[in-house]
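# Chains, contacts and geometry: an overview
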Amino acid sequence: SGKLEEPTKIDNFAKVQLRNLDTTGGYTTFSQSPAKGSISYPYDPGFCIDPTKNESDTTANVPCETPGSQPFNLTVARNDSARFAQGHTDAYGYNVLIMEMSRLSAPVNLGCTPGACMPPTGVTVTNSRSNFTFTLTSVIHWAVLGNLFFFSPDVSVEVLNNEFKEGDNLVMTYAPVTREDIQADNSLALTFVHGTNLEYGQPGNSFFNAKSRMRWGTTSPTRDGTVWTTNFLGNLNPSEIYYNRKYFISGNVMDMEPLALLYASETFEDVLTVEELSATRGGEIIHLYCNDFLFGPTINNKPCPVSD
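So, a few notes on the structure that sits alongside this text. Everything quoted here is computed from the prediction, not taken from an experiment. (Residues numbered from 1 in each chain as written. Predicted model: local features only at pLDDT ≥ 70, side-chain atom pairs only at ≥ 80, totals over all residues. Heavy atoms only, no water.)

This brings us to the overall build of the protein chain. Helix and strand counts for the protein chain stand at five helices and 19 strands. Burial status across the protein chain gives 37% buried among its 308 residues. In the protein chain, the share of contacts with a sequence separation of at least 24, taken over all contacts with a separation of at least 6, comes to 69%. Only carbon and sulfur atoms are counted for the fraction: they give 52% of the accessible area of the protein chain, which is about 17,300 Å². (Helix = DSSP H or I, 4+ residues; strand = E, 2+ residues; numbered from the N terminus. Buried < 20%, exposed > 50% of the residue type's maximum accessible area, 1.4 Å probe, protein only. Contact = heavy atoms within 4.5 Å. Areas by Shrake-Rupley, 256 points an atom, 1.4 Å probe, with all protein chains shown as cover.)

So this is what it looks like as structure tokens:
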């Protein structure tokens, strides 16, 4: 639409996701530390566990697409299961607590810090029995030895022990940013202005096989993957030149919308012959030269002479 909207949740990089550029406003913005929104979505730490591991393994966390892997859930093992972790608190400089959970099939020593696999605004943890909630701001270890949860909450040990009893499940959700949050946000942002592929279907542009698109997620394991990119879907024959004019904008997230819309109409995608490029874009032919000792290019109208 051209307006900054609620973002698409990109948390499953095992899945390819596609969207044609003509369904966008002409740009994509990546924001630093977005404000917390009001609509909750299930939180996924981004990995599963390998049930074949045992307590001596420290790498039981594996990608969820790994055959045989299982998601994990945290369930309180007993009453009064929370306690203060003095050593971790001293080491990290903020309050760290421990809660004893029902033993998982494998340990997860991995943690989750803000800005990495956890939103900077934290994750909401809800008791599935009582609907009591608190904010989880950091995880030091998901499940040391398979059952010890080291984390930093916004409530005290006493509150946790009063609100969570044996058998209670910890349900984690996060709230993505909304347009209203963006308007009140001073975060930094990077915007890629890719346009809306207006060239597709225009007379003379038969080189397109399909509409240009954006792609995020993963790809075949036999090739490199990109978290986010745009794709040109067309033919490029020998001696032809692929011409693509796009823009990057950095600054305050609130400045992205007007600037991006200004440049979106300036984007351009085309396939040109050498003659068309020279006539319409002011380009020149690049000549290659070589002898027994040197190889190089020149953009002059005449190639460099072969030296003796």
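Anyway, onward from the coordinates.
Before going further, it helps to examine helix H4 (residues 253-264). Taking 1.5 Å as the rise per residue, H4 with twelve residues should run 16 Å; its terminal C-alpha atoms sit 17 Å apart, in good agreement. Residues of H4 that are buried include every one of Val 253, Met 256, Glu 257, Ala 260 and Ala 264, and no others. For H4, the angular spread of buried residues about the axis comes to 95 degrees, placing them on one side. Every exposed residue of H4 that faces more than 90 degrees away from the buried side is listed here: Pro 258 and Leu 262. (Expected span 1.5 Å × (residues − 1). Arc of directions from axis to C-beta.)

Sheet architecture is open: three strands sit in the order E1-E13-E14, paired in antiparallel fashion. Only two strands of the sheet have a single partner each, and these edge strands are strand E1 (17-20) and strand E14 (228-231). Each neighbouring strand pair of the sheet contributes to a mean axis angle of 25 degrees, computed without reference to strand direction. As defined by bridge partners, strand E13 (residues 213-216) adjoins E14 across four bridges and the pair is classed as antiparallel. Its bridge partner being in E14, Arg 213 is matched across the sheet by Asn 231. (Pairing = 2+ DSSP bridges. Axes fitted to C-alpha atoms, helices over the stretch in contact; angles between N-to-C directions.)

What follows deals with the pairing of strand E8 (residues 123-127). Two faces belong to every sheet, and in a regular strand the side chains alternate between them. Most of E8 is tucked away: five of the five residues are buried. Of the two faces of E8, the one lined by Val 123, Val 125 and Asn 127 and the one lined by Thr 124 and Thr 126 are each fully buried. Sheet topology places E8 next to strand E9 (residues 133-144); four bridges connect them, and they run antiparallel. Opposite Thr 124, over in E9, you have Thr 135 as the bridge partner. In this antiparallel pair of consecutive strands, E8 and E9, the connection spans five residues, and Asn 131 shows a positive phi of 70 degrees. Examined bridge by bridge, E8 and strand E11 (residues 170-174) share four bridges and lie antiparallel to one another. The residue bridging Asn 127 from the neighbouring strand is Leu 170, located in E11.

It is worth spelling out the side chain of Asp 270 at this point. For Asp 270, the location among the structural elements is in strand E17 (residues 268-272). According to the relative accessible area criterion, Asp 270 is buried, its value standing at 12%. Once residues lying within four places of it in the same chain are set aside, the contact partners of Asp 270 are Asn 205, Phe 207, Ile 241, Tyr 242 and Tyr 243.

Time to look at the nonpolar core. Residues Leu 136, Trp 142, Phe 149 and Met 172 are the most contacted members of the largest nonpolar core, which totals 28 residues. Counting only elements with at least two residues in this core, the list comes to strand E7 (97-100), E8, E9, strand E10 (148-153), helix H2 (157-163) and E11. The dominant element in this core, judged by the number of residues it contributes, is E9, at five residues. Counting residues in hydrophobic clusters, the runner-up holds eight residues, among them Ile 249, Val 253, Ala 260 and Ala 264. (Core = buried A, V, L, I, M, F, W, Y, C linked by side-chain atoms within 4.5 Å.)

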